[in-house]
Amino acid sequence: MTAEAMKDQHSRTDEGQVTILPRIFLGTWDIRTRKDADRAVTSAVKTGYRGIDTAACYENEELIRSSIDGCGIDRTELTVTSKLWNNSHGYDKALQAFDESEKKLGSIDIYLIHWPGPVPGFLETWTALEHLFEQGRVKTIGVSNFMVPQLEILLDRCRIRPMINQIECHLWYTDHPLLDYCRRKNIAVQAFSPLSAGSGLIENETLRDIANRLNRSPAQVALRYLLQIGVIPIPKSSNPSRIAENFHIFDFRIPNSEIEALCGMNRLVRTNKDPLGWFGQDYQ
Ligand SMILES: NC(=O)c1ccc[n+]([C@@H]2O[C@H](COP(=O)([O-])OP(=O)(O)OC[C@H]3O[C@@H](n4cnc5c(N)ncnc54)[C@H](OP(=O)(O)O)[C@@H]3O)[C@@H](O)[C@H]2O)c1
């Protein structure tokens, strides 16, 4: 692992609590077989990843746990995220959802509300996450798919501030006002679908030209761009050579002139749902 990869991100809460996060996580959405899970987790850990992202709705928490158990490093060296699904909003349901995920994963380091859904549902849910944090059952609590209006409501009413917001973020969709807001509020940002979820980003001509000039792959430049704008990427792959390729982004810098060209690719088109307009199936 390079020296830069070893430097962690820090997110500081109001209470002076310091959250230390790996600079890159392995995404696991759509990893559904033992073979894929073992291959992905083992090669990721061997390459140097120390963060793994899953969620109740990926229906792979048990698989991921058993791959972690067999991956050859101590569980305490890893930071594992899970997320509460839309059908578990509300105080009691949230605690129950955490219990179920914790049972499947063994332990959870980061717990996030996956989608905000309607207010006031997420405020009650957040109270349950605060409780879990105070009980020491989880080290880091946060949200996912929260936009500025939803964060403002939460920040206004919470006792413990969210430490992370996991959002869609890549070269074709970078919401700079939301990133600036999170930065000002000391909320670390994790980028999901950092390669645009396979929707063609890495075939983009501008990206390919820049990657050629830097002697890197388009995926590496797309991920490095996220690091340089202060965001933690969560690339998903179950292919060992792509898992290694996606990790080797700590030993080069994209010059500012090329960053400007990359910023010009931002077309603000999502691959996933709009959190302000999608209240999701399964809300009850
Ligand atoms: N919070 C949320 O609401 C939310 C939403 C979506 C995703 N997520 C999280 O974020 C993670 C990543 O997002 P994502 O899975 O949507 O998309 P992604 O990481 O942007 O893209 C994954 C796709 O890119 C391919 N790929 C990976 N590395 C590659 C490389 N170096 N070259 C070429 N192709 C490559 C993968 O195929 P192979 O596997 O075949 O390599 C897969 O098809 C998820 O797995 C999940 O953990 C969270």
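Located above this text is the structure these notes cover.
Residues numbered from 1 in each chain as written. Predicted model: local features only at pLDDT ≥ 70, side-chain atom pairs only at ≥ 80, totals over all residues.

Caption draft 1: Structural detail: the overall build of the protein. Counting its regular elements, the protein contains 11 helices and 10 strands. Taking 19 Å as the expected radius of gyration for a compact globule of 284 residues, we find that the protein reaches 18 Å, a close match to that expectation. If one aligns the C-alpha atoms of the protein with their principal axes, the spans along those axes are about 55 × 40 × 35 Å. Expressed as a percentage of the 284 residues in the protein, the buried residues total 45%. Long-range contacts, defined as pairs at least 24 residues apart, comprise 75% of the intrachain contacts of the protein with a sequence gap of at least 6. (Helix = DSSP H or I, 4+ residues; strand = E, 2+ residues; numbered from the N terminus. Rg over C-alpha atoms; globule rule 2.2 N^0.38 Å. Buried ≥ 20, exposed ≤ 12 C-beta atoms within 10 Å, placed from the backbone. Contact = placed C-beta atoms within 7 Å.)

Caption draft 2: Up close: the nonpolar core. In terms of nonpolar packing, the biggest core is built from 73 residues, with V41, Y111, V189, A191, A222 and I232 touching the most fellow members. Per-element tally for this core: the top contributor is helix α9 (residues 218-228), with seven residues. (Core = buried A, V, L, I, M, F, W, Y, C linked by C-beta atoms within 7 Å.)

Caption draft 3: Representation of the packing of helix α4 (residues 91-105) against helix α5 (residues 121-134) within the structure. In contact at an axis separation of 7 Å, α4 and α5 are set at 45 degrees when each is read in the N-to-C sense. With respect to each other, α4 and α5 are oriented oblique. For the pair α4 and α5, the crossing hand works out as right-handed. Packed against α4, whose contacting residues are Y91, A94, L95 and F98, the element α5 presents E124, T125, T127, A128, L129 and L132 at the interface. Tallied by class, residues from the contact of α4 with α5 come to seven nonpolar, two polar and one charged. (Axes fitted to C-alpha atoms, helices over the stretch in contact; angles between N-to-C directions. Parallel < 35°, antiparallel > 145°, perpendicular 65-115°, else oblique. Left-handed = near helix turned anticlockwise from the far one by under 90°. Nonpolar A, V, L, I, M, F, W, Y, C, P; charged D, E, K, R; others polar.)

Caption draft 4: Structural context of the site of the ligand. The local shell around the ligand holds 27 residues, among which G27, W29, A219, K236 and S237 are the closest. By residue number, the principal contributor to the shell around the ligand is helix α10 (residues 240-247), which donates three residues. In terms of residue class, the shell around the ligand is built from nine nonpolar, 14 polar and four charged. (Near = placed C-beta within 6 Å.)

Caption draft 5: Molecular detail of the sheet that holds strand β9 (residues 188-192). If you walk across this open sheet you meet the eight strands as β3-β4-β5-β6-β7-β8-β9-β10, and the pairing is parallel. Two strands lie at the open edges of the sheet, namely β3 (25-27) and β10 (232-233), each paired on one side alone. For strand β7 (residues 140-144) and strand β8 (residues 164-168), the ladder comprises two bridges, and the chain directions are parallel. Directly across from V143, in β8, lies its bridge partner N165. (Pairing = 2+ DSSP bridges.)

Caption draft 6: Geometry of helix α2 (residues 34-47). Compared with an ideal rise of 1.5 Å per residue, which puts 14 residues at 20 Å, α2 spans 20 Å between its outermost C-alpha atoms and is within 8% of the ideal. Residues of α2 that are buried make contact with β3, β4 (51-53), α3 (61-69) and α10. Directly after α2, the chain includes G48, whose backbone phi takes a positive value near 130 degrees. (Expected span 1.5 Å × (residues − 1).)

Caption draft 7: Summary view of the packing of α2 against α3. In contact at an axis separation of 9 Å, α2 and α3 are set at 50 degrees when each is read in the N-to-C sense. Considering the angle they form, α2 stands oblique to α3. Where α2 crosses over α3, the handedness of that crossing is right-handed. Note on element contacts: α3 touches α2 through L63, I64, S67 and I68, opposite R34, A37, D38, V41 and T42. A breakdown of the residues in the contact of α2 with α3 according to their chemical character gives five nonpolar, two polar and two charged.

Caption draft 8: The arrangement of unusual backbone geometry in detail. Here the phi dihedral of A197 falls at roughly 55 degrees; this positive angle occurs in a residue that is not glycine. Considering the arrangement of structural elements, one finds A197 in the loop between β9 and α8 (205-214). Of note, L268 is a non-glycine position whose phi angle comes to about 50 degrees, a positive value. By secondary structure assignment, the location of L268 is in the segment after α11 (256-263).

Caption draft 9: Here's a closer look at the environment of V41. Its place among the elements puts V41 in helix α2. The sequence separation of V41 and S237 amounts to 196 residues, and the corresponding C-alpha distance is 9.8 Å. The residues contacting V41, other than those within four sequence positions of it, are I52, I64, S67, I68 and C71.

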